[in-house]
Amino acid sequence: QVQLVESGGGLVQTGGSLRLSCAASGSGFSINDMGWYRQAPGNQRELVAAITSGGSTNYADSVKGRFTIARDNAKNTVYLQMNSLKPEDTGVYYCNAWAFIPVIHPPRREYWGRGTQVTVSS
């Protein structure tokens, strides 16, 4: 089916930047919406940013103006450029994707990556 593999997390100081990447692999699928979620200890998983296959984007209010989501449809890859990072951005960042796989039922399914840790020190 579809596997999502994230990369690019790490430790950074307040005000620093990181770029996350997530590549979808497999066969016989097409990727629709993609996005990034994050989960801090003790908190629920929350949407950070999302992007449709047509390039329309949506951001959490807390990251608007600092984060940018982009995708390369030819590579089935989504990116999250994170600038001006704050300690409250710390958490595990998960890649999310909705895939269309015509040979299975239902053909539209949601997939998650395993997550990558982002830690912003004060």
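Just so you know, these numbers come straight off a predicted model, no measurement behind them.

**Q** Please give an account of the pairing of strand β4 (residues 30-39) that cites residues and values.
**A** Inspection of the sheet shows β4 paired to strand β9 (residues 91-100) by eight bridges, in the antiparallel sense. If you follow Y37 over to β9, its bridge partner there is Y94. In terms of strand pairing, β4 meets strand β5 (residues 46-51) through five bridges, oriented antiparallel. Bridging across to β5, Y37 finds its partner in L47. In this structure, the hairpin formed by β4 and β5 is closed by a connection of six residues, where G42 is found at a positive phi of approximately 80°.

**Q** Tell me about the environment of L47, and name the residues and values.
**A** With respect to the helices, strands and loops of the structure, L47 is situated in strand β5. What makes L47 partly exposed here is its relative accessible area of 28%. Separated by 13 residues in the primary sequence, L47 and A60 have C-alpha atoms spaced 6.5 Å apart. Setting aside chain neighbours within four positions, we find L47 in contact with W36, Y37, N58 and A60.

Rules used in this analysis
- Residues numbered from 1 in each chain as written.
- Predicted model: local features only at pLDDT ≥ 70, side-chain atom pairs only at ≥ 80, totals over all residues.
- Heavy atoms only, no water.
- Pairing = 2+ DSSP bridges.
- Helix = DSSP H or I, 4+ residues; strand = E, 2+ residues; numbered from the N terminus.
- Buried < 20%, exposed > 50% of the residue type's maximum accessible area, 1.4 Å probe, protein only.
- Contact = heavy atoms within 4.5 Å.

Any link to function would need more than the numbers given here.
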